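# Structural description and commentary
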Amino acid sequence: MSYQTILAILQSEADAPRVLDLALPLATRHESHLIGLHAEALPMVMASPMGGPVVDLSIDMQDETQRRHKVIRKLFDERTRIEQVGNEWRGFDSVSGDSAVSGIESARSADLVIAQQTDPDAKGTMEANVEALLFETGRPVLFVPYIFKSQEAEFKKVLLAWNGSRQAARAAFDALPFMKEADSVEVFCIDPQDTPRRDASMAGTAIAAALARHDIDVTVKVEKSGGVSHGEILENRVSDTGADLLVMGAFGRSRLREFVFGGATRTILQTMTVPTFMAH
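All figures in this text were calculated on a predicted structure; none of them were measured in a lab. (Residues numbered from 1 in each chain as written. Predicted model: local features only at pLDDT ≥ 70, side-chain atom pairs only at ≥ 80, totals over all residues. Heavy atoms only, no water.)

### Regarding the pairing of strand β10 (residues 276-279)
Along β10, one buried face is formed by Thr276 and Met278 and the opposite face, lined by Phe277 and Ala279, is buried too. Relative to β10, strand β5 (residues 141-144) runs antiparallel, the two being bridged by 3 bridges. Paired with Val141 across the strands is Met278, a residue of β10. Relative to β10, strand β9 (residues 245-249) is paired through 4 bridges, and the arrangement is parallel. Paired with Leu246 across the two strands is Thr276, which belongs to β10. (Buried < 20%, exposed > 50% of the residue type's maximum accessible area, 1.4 Å probe, protein only. Helix = DSSP H or I, 4+ residues; strand = E, 2+ residues; numbered from the N terminus. Pairing = 2+ DSSP bridges.)

### Points about the nonpolar core
Leu34 and Leu211 are the most contacted members of the largest nonpolar core, which has 48 residues in total. No other element matches helix α1 (residues 16-30), which puts 8 residues into this core. Discounting chain neighbours no more than four positions away, the residues touching Leu34 are Ile6, Ala8, Leu20, Ala23, Leu24, Ala27, Phe76, Thr80, Val85, Gly86, Asn87 and Glu88. Ile9, Leu37, Phe143 and Met278 belong to the second largest nonpolar core, which has 32 residues in total. (Core = buried A, V, L, I, M, F, W, Y, C linked by side-chain atoms within 4.5 Å. Contact = heavy atoms within 4.5 Å.)

### Details of the packing of helix α9 (residues 230-241) against helix α11 (residues 264-271)
Where α9 contacts α11, the two axes come as close as 7 Å, and the packing angle between them is 50°. Taken together, the axis directions place α9 and α11 in an arrangement best described as oblique. Relative to α11, the crossing made by α9 is right-handed. Contact with α9, carried on its side by His230, Gly231, Glu232, Leu234 and Glu235, involves Ala264, Thr267, Ile268 and Thr271 of α11 and no other residues of that element. (Axes fitted to C-alpha atoms, helices over the stretch in contact; angles between N-to-C directions. Parallel < 35°, antiparallel > 145°, perpendicular 65-115°, else oblique. Left-handed = near helix turned anticlockwise from the far one by under 90°.)

### Looking at the sheet that holds strand β3 (residues 87-94)
With respect to topology, 10 strands assemble into an open sheet ordered β3-β2-β1-β4-β5-β10-β9-β6-β7-β8, the strand pairing being mixed. Looking along the sheet, the strands with just one partner apiece sit at the ends: β3 and β8 (218-223). Across the sheet, the mean angle separating the axes of adjacent strands is 20° when strand polarity is ignored. On top of the sheet, α1 reaches β1 (5-9), β2 (33-41), β4 (112-116) and β5; it is set at about 155° to β4, its chief contact. Sheet strands in contact with helix α8 (residues 205-212) are β6 (157-161), β7 (184-190) and β8, and its direction is about 165° off that of β8.

### As for the pairing of β2
Burial within β2 is extensive, with 7 of its 9 residues counted as buried. As paired elements, β1 and β2 share 5 bridges and run parallel to each other. Counted as the bridge partner of Ala8 is Gly36 from β2. What joins β1 to β2 is α1, and the crossover it makes is right-handed. Direction of pairing for β2 relative to β3: parallel, over a ladder of 8 bridges. Residue pairing across strands places Gly36 opposite Trp89, the latter belonging to β3. (Right-handed = clockwise from strand over helix to strand, strands pointing away.)

### Brief notes about the packing of aromatic side chains
Within the structure shown, the criterion is met by 5 aromatic pairs. Taking 5.1 Å as the distance between ring centres and 80° as the angle between the ring planes, the aromatic pair formed by Phe155 and Phe178 counts as edge-to-face. Highlighted residues: Phe155 in the loop between β5 and β6 and Phe178 in helix α7 (residues 176-181), separated in sequence by 23 residues. Residue classification places Phe155 among the buried positions, given a relative accessible area of 3%. Residue Phe178 is classed as buried on the basis of its relative accessible area, which comes to 1%. With a centroid separation of 6.0 Å and an interplanar angle of 85°, the aromatic rings of Phe178 and Phe277 are classed as edge-to-face. Separated by 99 residues along the polypeptide, Phe178 in helix α7 and Phe277 in strand β10 bring together distant segments of the chain. Three or more aromatic residues link up through ring pairs in this structure, and these residues are Tyr3, Phe155, Phe178 and Phe277. (Phe/Tyr/Trp six-rings, centres within 6.5 Å; stacked < 30°, edge-to-face > 60°.)

Here it is, written out as structure tokens:
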């Protein structure tokens, strides 16, 4: 089992190298077809105070978008040539200029989508709506932290955040290629509850057994939150275990509820320190 088609979302000149640093070694190892995708905003005609179009400004904007298209495509072409990875380029011009939104249709035909976590210091026009990739595509997304340092895209220690939800199950099985390659996988449960079919003390054992049947070295860890947010506990566990990949279901409750009240998904999307694999 491997990722035969990988879509790399390249939103800006700043994030493209980081995304490719992860996508290219992965595509090489899995002999994947790598699709690079970038979108730019359509130039908007701006009116002058006298009512006429500001033609010069519109032309300048168009020249800049064309420059970025060329720079990012050149980077993609050069690096895929060096790595000898089968590849394809998709460039778009859209009203928003959002590569994630422009990539939704392409993502639905990919085994895996790779995108950079939103950089809080990025200019507004350089941000991508990466949450749309989770909600609109039905495909798993591997997020690259904006502080990411190049590595070989081989994840030796994987932390699987498990709460028994549909989203967690989807993430676990979509991430099987990574977990099968890992030296070890920890199934991590926070505040498990008793159910009619399972005692809380047995949380995580069923999925651990299923993963073990794939010849994965897996252990189970259960932890009480003690009032600490689940997102913070996940971050601490990643640090304590030295995990280099976090796998988790995304938005087990509504996006609006997480926006208002907070939640593990939003916390991790904002503060991740290692590549994070999410599925919704």
